[in-house]
Amino acid sequence: MPAVTVENPLTLPRVAAPADAAPRPVLAVSTAPSGVEGEGFPVRRAFAGINYRHLDPFIMMDQMGEVEYAPGEPKGTPWHPHRGFETVTYLLDGVFVHQDSNGGGGTIQNGDTQWMTAGSGLLHIEAPPEELVVSGGLFHGLQLWVNLPAADKMMAPRYQDIRGGQVQLLTSPDGGALLRVIAGELDGHEGPGVTHTPITMIHATLRPGAEITLPWRPEFNGLAYVMAGRGTVGAERRPIRLGQTAVFGDGGSLTVRADERQDGNAPDLEIVLLGGRPIREPMAHYGPFVMNTQDELRQAFEDFQKGRLGTVPAVHGMGSEGPGGA
């Protein structure tokens, strides 16, 4: 990790917040509990326990792995439904094959992102390819759920396959950080992900001792999740480490710093920065459905049970199908 990098970051465009940008204070730092998803792969629940008013428009995020599978161990998810939101799967290490009931799908690996707008609904499966199951190997990624406003919840489903080489690469003024803009905009530089809900998603790698202060849209919220390493967040330098999420308050810039000494298995600080314009609509969320009302949730379950979200292609068996999944 990470899969997408450059030999000399100083060849990239440099970004920094203007000196007069109001720094965002750190409101809280929380530790993600561990769990199991799909057919049994380990996850950290990055947003567990954080008030939704700080997350909106993000719903949940799981760090999948990092895990070194022995031969025969790699796991995925069974067929499962989605409606009313977008799933973003960012794979740092390993390979995942995804398929849906509309005939869509593909393969992502080593820095690729699969952005699925579930919209009105579909059935979906994600699994390692057979050769990876046989060989075993390293698996590490993130899955983020992004809410859709009521006006877009029943739109037609769509995919975006974003290859690692397509992300916008930037650096800090001293070259100590590599910034990968996956979606949204940072200081006028656009990432490839097209979003219905305005958001920014960045994967930053900071070398030991490096610091970034980035401009951040005042109307967006601000979140930071550590995938590896340790450092501090905010001008007040609040400590943060692997598996922790920082919630930022209002302002026009946010600061992250890597500790001078990192863990032996994590030479750099690897952190995901998220911001989005809050939707501020009622949310009814249960399992794989994110709607605005309880009646809409009941309708989603009824539509799933009656096959209106699609059917599993004949080449696959449903196995342990049902509401839930990644």
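Just so you know, these numbers come straight off a predicted model, no measurement behind them. (Residues numbered from 1 in each chain as written. Predicted model: local features only at pLDDT ≥ 70, side-chain atom pairs only at ≥ 80, totals over all residues. Heavy atoms only, no water.)

As for the overall build of the chain
- Helix and strand counts for the chain stand at three helices and 26 strands.
- Since a compact globule built from 326 residues should have a radius of gyration of about 20 Å, the 19 Å found for the chain is in line with a globular shape.
- In terms of its C-alpha atoms, the chain occupies a principal-axis envelope of roughly 55 × 45 × 30 Å.
- Of all 326 residues assigned to the chain, the portion counted as buried reaches 56%. (Helix = DSSP H or I, 4+ residues; strand = E, 2+ residues; numbered from the N terminus. Rg over C-alpha atoms; globule rule 2.2 N^0.38 Å. Buried < 20%, exposed > 50% of the residue type's maximum accessible area, 1.4 Å probe, protein only.)

Some points on the side chain of Gln-114
- Looking at the secondary structure, you find Gln-114 in strand E9 (residues 113–117).
- With sequence-adjacent residues up to four places away left out, Gln-114 is seen in contact with Thr-87, Val-88, Thr-89, His-98, Ile-108, His-124, Glu-126, Tyr-159, Gln-160 and Asp-161. (Contact = heavy atoms within 4.5 Å.)

A short note on the packing of aromatic side chains
- A complete count under the given rule lists five aromatic pairs for this structure.
- Through successive ring pairs, a cluster of aromatic residues spans Tyr-69, Phe-96 and Phe-139. (Phe/Tyr/Trp six-rings, centres within 6.5 Å; stacked < 30°, edge-to-face > 60°.)

Observations regarding the sheet that holds strand E24 (residues 269–276)
- The strand order across the open sheet formed by seven strands is E1-E22-E19-E24-E17-E14-E13, and the pairing between neighbours is antiparallel. Here the strands that pair on one side only, and so sit at the sheet edges, are strand E1 (26–31) and strand E13 (168–171). Strand-to-strand twist of the sheet, defined as the mean angle between neighbouring strand axes without regard to direction, takes the value 20°. (Pairing = 2+ DSSP bridges. Axes fitted to C-alpha atoms, helices over the stretch in contact; angles between N-to-C directions.)

Points about the pattern of salt bridges
- Here the structure, examined in full by the defined rule, presents 12 salt bridges.
- The partner of Arg-257 in a salt bridge is Glu-260, and the shortest N-O contact between them spans 3.4 Å.
- Residue class for Arg-257 comes out buried when judged on its relative accessible area of 15%.
- For Lys-306, the salt bridge is made with Glu-302, and the minimal N-O distance between the two is 3.4 Å.
- On the basis of relative accessibility, which here comes to 32%, the residue Glu-302 falls in the partly exposed class.
- Among the charged side chains, a network of salt bridges with common partners joins Arg-83, Glu-302, Asp-303, Lys-306 and Arg-308. (Salt bridge = Lys/Arg side-chain N within 4 Å of Asp/Glu carboxyl O.)

Observations concerning the sheet that holds strand E10 (residues 122–127)
- Strand order in this open sheet of four strands is E5-E10-E7-E8, and the pairing throughout is antiparallel. Each having just a single partner strand, strand E5 (77–82) and strand E8 (105–109) make up the two edges of the open sheet. Pairwise comparison of adjacent strand axes, ignoring direction, gives a mean angle of 20° for this sheet.
- Pairing of strand E7 (residues 95–100) with E10 involves four bridges; the strand directions are antiparallel. Its bridge partner being in E10, Asp-100 is matched across the sheet by His-124.

Description of the layout of surface pockets
- Of the volumes computed, that of the second largest pocket is approximately 250 Å³.
- For the second largest pocket, the lining is made up of 16 residues, of which Arg-53, His-54, Asn-221, Asp-250 and Pro-278 are closest to its centre.
- Those elements giving two or more residues to the lining of the second largest pocket turn out to be helix H1 (52–55) and strand E22 (244–248).
- Broken down by class, the residue content of the lining of the second largest pocket amounts to six nonpolar, four polar and six charged. (1 Å grid on protein atoms, 1.4 Å probe; cavity = no way out; pocket = protein on both sides within 12 Å on 5 of 7 lines; lining within 4 Å. Points joined across faces, edges and corners; volume = space filled by probe spheres on them. Nonpolar A, V, L, I, M, F, W, Y, C, P; charged D, E, K, R; others polar.)

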